[in-house]
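# Inside the fold
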Amino acid sequence: MEKRDSLKLMRFSIPAFLLFVLSQLSAQSNQLTNEYIRPSQSLNGTWNYIVDPYETGYYNYRYQPYDEVGKKADAAFFNNAKPSGKSDLIEYNFDESDTIQVPGDWNTQKEKLFYYEGTIWYKKSFDYQRKSATNRVFLHFGAVNYQADVYLNGTKLGKHLGGFTPFSFEVSEVLKKTGNYLVVKVDNKRHKEGVPTLNTDWWNYGGITRDVKLVEVPADFISEHVLQMDTEKSGFLSGYIQLNGSQNANQEVKVNIPELKIQTKWVTDAQGRTNISVPIKKINFWSPENPYLYPVLITTNQDTLRDTIGFRTIKTQGTKLLLNNKEVFLRGICIHEENALRGGRAYSGDDAKMLLGWAKELGCNYVRLAHYPHNEHMVRLADEMGIMVWEEIPVYWTIQWENAETYQNAVTQLKDVIRRDKNRASVIIWSMANETPNSSPRFEFLSNLAKTAKNLDNTRLISAALEQGSVEGNPSVRTISDPFADVVDVLSFNQYIGWYDGLPDKCSQITWEITQNKPVLISEFGADARFGFHADSLTRFSEEYQAYVYTETLKMFSKIPQLSGFSPWILVDFRSPRRVLPNIQDGWNRKGLISSGGERKQAFYILQEYYRQKTIVK
Ligand code: GCB
């Protein structure tokens, strides 16, 4: 065995058990949250990769993980070993291997990887010049789908589960000036107990799908800041600031918002935290019509952080949704994180501009980012463009409700997206789930998530895309009878009358009996159409059929008095392995109002006109 795995012992020896425990540590994502606005060294670009379906670089031939057996074998790919002479046996070589771009999914970069689900090892070599010897450095990933095991210079930094949330590791001790090698084992295999689980209606893009960077901060740094309109004390901006470092107690923290003439000081407590609350007289509220963002400066004696934050309130009053105390109607659309024109996952500021630009063209003031947290460019740009946002975690369809690890995974994803986006004025709703089947374990699971979200952030609303059903014995009368409807602030549900449920004219026969005293959002409706396929309005997959569904659905909505908005499914056609119909779907869900080639379908213009009228009448 020793020979076959060409073992070389570690330079230092840590007991195997301890090494294993350390190796299983998850990313300490709560240490750093402001990667987006801090100066950084990008590690985006060209990386080497090795496709490893049998995980040969991770397990020895007895199927023991090299992490666990505690031996830094040359055969373990994370050691990036090189033969020391011509007789040395090393059966991989990153530097001679093919290259791939980061960020980006592997499926659309390499034809051979289009359907691949498994392990791929990524390697990047780099140098790093620290600005000050006492500074600390963090390695940040915007997202890796689905599991990332991260090693720097042969040392395991940790692992991270979940394909759509950011994470970082402190690398201050491991980082060198020259000759660093960063190796990431990326595994996008689907798992029953995963979040999401095995079954989804979107492509399981694998890879390092978002930005990677090194962020350098002072020894004691501002690790978190929150500043929002106070929901309890009106006329106040409130929140907290958290420092990280050995000297974080008793530190002076200054918050400066020049345009509001706010320049206030606080002192941190023993945990390095201070709550902040300042009265404001006159404020320019953020709204879609006026997406005003204030420059905010936070300083300590070591650290400086600049953010731009919009201030607004969002609440419900009976069946009304109030933005800055004024009733608002959400003219929305659902979006997947995909750039159909280029192919693959969306990840850049330009991708966000394209997607949100299309939503604006449609007349939207709101988007539902389905079905998982999208990259940070999206929410930052939504702040600037004045587009309200629904953010969601991938608790989709049939999650394992009774599995404690599944819950842990889901709640971690929820906490991480809240931590990332809690200063974004655009984000108004946290969604706990999509179309999940009713049961008491599921109720408990979702209620616990909702409680967590409320505890972390009481300045936004909670929702979930629920399902509707018929009132017993009468398929023409529809209602929402889901116990989770009592937990949410906004009652949202998906419905496909006219597509999965009858033909479009069925909409005219339906009446709605919605008894909850809450604003109603229709989180999805729609129909498939292949762009350019024209037929009569009862021919499935024609643009005319889709347009007919939109016309009838919009008429039906006028019978829901509590309706506070909707987000049809979906802005653009998106890839899904479930959609196999030849010449029509060819691997795409065709419910987009815009085709995979960027062309607008008929229904696009119907919705655009409806939203135009809504803007005039409200
Ligand atoms: C839904 C799901 C969405 C699907 C869509 C469809 O209800 O929430 O993820 O893609 O229907 O096209 O069937």
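Going by the structure above, here's the rest.
Notes on the structure in this doc start here. (Residues numbered from 1 in each chain as written. Predicted model: local features only at pLDDT ≥ 70, side-chain atom pairs only at ≥ 80, totals over all residues. Heavy atoms only, no water.)

### Notes on the overall build of the protein
Along the protein, the regular secondary structure elements total eight helices and 36 strands. Taking the principal axes of the C-alpha coordinates as reference, the protein spans close to 80 × 60 × 45 Å. Counting every position in the protein, which comprises 618 residues, the buried fraction comes to 61%. Long-range pairs, those at least 24 residues apart, make up 72% of the contacts in the protein with a sequence separation of at least 6. Looking at the protein as shown, the accessible area adds up to about 24800 Å², and 50% of this sits on carbon and sulfur atoms. Charged side chains in the protein number 72 positive and 71 negative. The centres of these two groups are separated by 4 Å. (Helix = DSSP H or I, 4+ residues; strand = E, 2+ residues; numbered from the N terminus. Buried < 20%, exposed > 50% of the residue type's maximum accessible area, 1.4 Å probe, protein only. Contact = heavy atoms within 4.5 Å. Areas by Shrake-Rupley, 256 points an atom, 1.4 Å probe, with all protein chains shown as cover. Lys, Arg positive; Asp, Glu negative; His and termini not counted. Charge placed at Lys NZ, Arg CZ, Asp CG, Glu CD.)

### Some words on the packing of helix 5 (residues 404–421) against helix 6 (residues 440–456)
To describe two helices that pack against each other, one gives the angle between their axes and the distance between the axes. Contact geometry of helix 5 with helix 6 gives a least axis separation of 10 Å together with a crossing angle of 25°. Judged on the interaxial angle alone, helix 6 and helix 5 are roughly parallel. Judged by the sense of rotation from one axis to the other, the crossing of helix 5 with helix 6 is right-handed. The segment helix 5 lies against helix 6, with Thr-406, Tyr-407, Ala-410, Val-411, Leu-414, Lys-415 and Ile-418 engaging Phe-445, Asn-448, Leu-449, Thr-452, Ala-453 and Leu-456. By residue class, the composition of the contact of helix 5 with helix 6 is nine nonpolar, three polar and one charged. (Axes fitted to C-alpha atoms, helices over the stretch in contact; angles between N-to-C directions. Parallel < 35°, antiparallel > 145°, perpendicular 65-115°, else oblique. Left-handed = near helix turned anticlockwise from the far one by under 90°. Nonpolar A, V, L, I, M, F, W, Y, C, P; charged D, E, K, R; others polar.)

### Section: the pairing of strand 33 (residues 520–524)
For strand 33, the buried fraction is high: five of the five residues fall into the buried class. Inspection of the sheet shows strand 31 (residues 491–494) paired to strand 33 by four bridges, in the parallel sense. Residue pairing in the sheet places Ser-492 in a bridge with Leu-521 of strand 33. In this sheet, strand 34 (residues 563–566) lies alongside strand 33 in parallel orientation, the contact comprising three bridges. By the bridge assignment for strand 34, Val-520 is matched with Leu-563. Regarding the hand of the β-α-β motif, the stretch spanning strand 33, helix 7 (residues 543–557) and strand 34 is right-handed. (Pairing = 2+ DSSP bridges. Right-handed = clockwise from strand over helix to strand, strands pointing away.)

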